[in-house]
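Architecture at a glance
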Amino acid sequence: MKIVTHSPEETVRAAQKLGSMLRPGDMIAYKGGLGAGKTTFTRGLAIGLGLGDNVSSPTFALVNEYRGSEITLYHFDMYRISTEEGLESTGFYDYDFENNVAAVEWSENIAQFLPENTIYITIDPLSENEREIIIEDGGRFAAAWD
Ligand SMILES: Nc1ncnc2c1ncn2[C@@H]1O[C@H](COP(=O)(O)OP(=O)(O)OP(=O)(O)O)[C@@H](O)[C@H]1O
Ligand SMILES: [Mg+2]
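Let me sum up the structure you'll find in this document.

Rules behind the numbers
Residues numbered from 1 in each chain as written. Chains lettered and ligands numbered in written order. Predicted model: local features only at pLDDT ≥ 70, side-chain atom pairs only at ≥ 80, totals over all residues. Heavy atoms only, no water. Patch = residues over 30% accessible without salt bridge, like charges linked within 9 Å, V, L, I, M, F, W, Y side chains within 5 Å. Areas by Shrake-Rupley, 256 points an atom, 1.4 Å probe, with all protein chains shown as cover. Salt bridge = Lys/Arg side-chain N within 4 Å of Asp/Glu carboxyl O. Lys, Arg positive; Asp, Glu negative; His and termini not counted. Charge placed at Lys NZ, Arg CZ, Asp CG, Glu CD. Helix = DSSP H or I, 4+ residues; strand = E, 2+ residues; numbered from the N terminus. Near = heavy atom within 4 Å. Polar contact = N/O pair within 3.5 Å; in protein donor to acceptor, adjacent residues only side chain to side chain. Pairing = 2+ DSSP bridges. Buried < 20%, exposed > 50% of the residue type's maximum accessible area, 1.4 Å probe, protein only. Contact = heavy atoms within 4.5 Å. Donors = N, O, S within 2.8 Å, 3.2 Å for Na, K, Ca; no water. Axes fitted to C-alpha atoms, helices over the stretch in contact; angles between N-to-C directions.

Okay, a negative patch on the surface next. On the surface, a cluster of negative charge is made up of Glu84, Glu85, Glu88 and Asp94. Assignment of secondary structure puts Glu85 in helix H3 (residues 84-89).

So, in C-alpha cells, the structure goes:
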C-alpha cells in the first residue's frame, strides 16, 4: 500500500491509523534516510497505540520505551549498529517483542535479524514537505486505506 503525505501532521495521522490497528507481536521496520520522517511516523504509531505523542529520536539512547498499561512500544534507532554484537549491546534480544510492539529506524542495518512477519515501511521524500510512504503489510490493513 502506498500513500503520499504533504505535511508532518498528515504523516502522524496516517501512522496513528496504523498504530490503532497494531497488535502485540508486531514489528515495524523503517527504510529511508536521514530526515525521511521515521521518528515522525513513530509519533503517530504511539498516539494510535494510546501511548501519547511524546516521542523523540532514540539516536543516542538507541532505544526509547513508551509504556502503556496494556502494551509498550519499543522504538529503536540502529543507525550506529552494524554487527550482531552491536545489536546485542542495545539489549535487542532481551525485549518482550511477543507481547508488545517495536518500531526500528535504520532497519537496513539489522535486516538479517528481523522476523519474517515484519511490517516494512519505506519513507521517500518527494519534496520538502511531501513523503511517499510504502507500507508492506502483506495486505493486512488494505481495507483501512480504501
Ligand atoms: N510529509 C512529511 N512527513 C514527515 N515529515 C515531514 C514531512 N514534511 C516535512 N517533514 C519534516 O521532515 C523531518 C522528518 O524528521 P524525522 O526526525 O521524523 O526523520 P527521521 O527519518 O526519523 O530522521 P533520522 O534518520 O535522522 O532519525 C521533520 O523535520 C519533519 O518536520
Ligand atoms: Mg529518527
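Not every one of the 18 residues close to ligand 1 is listed here, only the nearest: Thr11, Gly37, Lys38, Thr39 and Thr40. Ala36 is positioned such that a nitrogen or oxygen atom in its backbone is 3.2 Å from an oxygen atom of ligand 1. Between an oxygen atom of ligand 1 and a main-chain N or O atom of Thr39, the distance comes to 2.8 Å. Compared with its free state, where it exposes 640 Å², ligand 1 has 76% of that area covered by protein.

As defined by bridge partners, strand E2 (residues 27-31) adjoins strand E6 (residues 119-125) across four bridges and the pair is classed as parallel. Looking at E6, one finds that Ile28 is bridged to Ile119. Relative to strand E7 (residues 131-136), E6 runs antiparallel, the two being bridged by six bridges. Pairing of Asp124 across the sheet is with Glu132, part of E7.

What follows deals with the side chain of Thr5. Inspection of the secondary structure assignment puts Thr5 in strand E1 (residues 2-5). Of the residues examined, Thr5 reaches a relative accessible area of 2% and is grouped as buried. Looking at Thr5, its side chain comes within polar contact range of the side chain of Thr11, at 2.7 Å. The residues contacting Thr5, other than those within four sequence positions of it, are Glu10, Thr11, Asn129, Glu130, Arg131 and Ile133.

Right, let's talk about the coordination of the magnesium ion (ligand 2) for a bit. Summarising the metal site, the magnesium ion (ligand 2) is bound by the protein donors Thr39 (OG1) and Glu105 (OE), whose distances to it range over 2.1 to 2.2 Å. Of this pair, Thr39 sits in helix H2 (residues 38-48) while Glu105 sits in strand E5 (residues 101-105); the two residues are 66 residues apart in sequence, bridging distant segments of the chain. Side by side, Thr39 and Glu105 carry an identical accessibility label, which is buried.

Across the sheet, which stays open at both edges, the seven strands sit in the order E1-E7-E6-E2-E5-E4-E3 with mixed pairing between neighbours. The open sheet has two free edges, formed respectively by E1 and strand E3 (63-67), since each of these has just one partner strand. If you compare each strand with its neighbour and ignore which way they point, the axes differ by 20° on average. The sheet contacts of helix H1 (residues 8-21) involve E1, E2, E6 and E7, and relative to E1 the element is tilted by about 145°.

Moving on: the side chain of Arg131. Looking at the secondary structure, you find Arg131 in strand E7. One buried charged side chain, Arg131, makes no salt bridge at all; its nearest oppositely charged neighbour is Glu130, positioned 7.8 Å away. At a separation of 2.6 Å, a polar atom in the side chain of Arg131 contacts the main-chain carbonyl oxygen of Ala36. Setting aside residues up to four positions removed in sequence, Arg131 forms contacts with Ile3, Val4, Thr5, Gly35, Ala36, Ile123, Asp124, Pro125 and Leu126.

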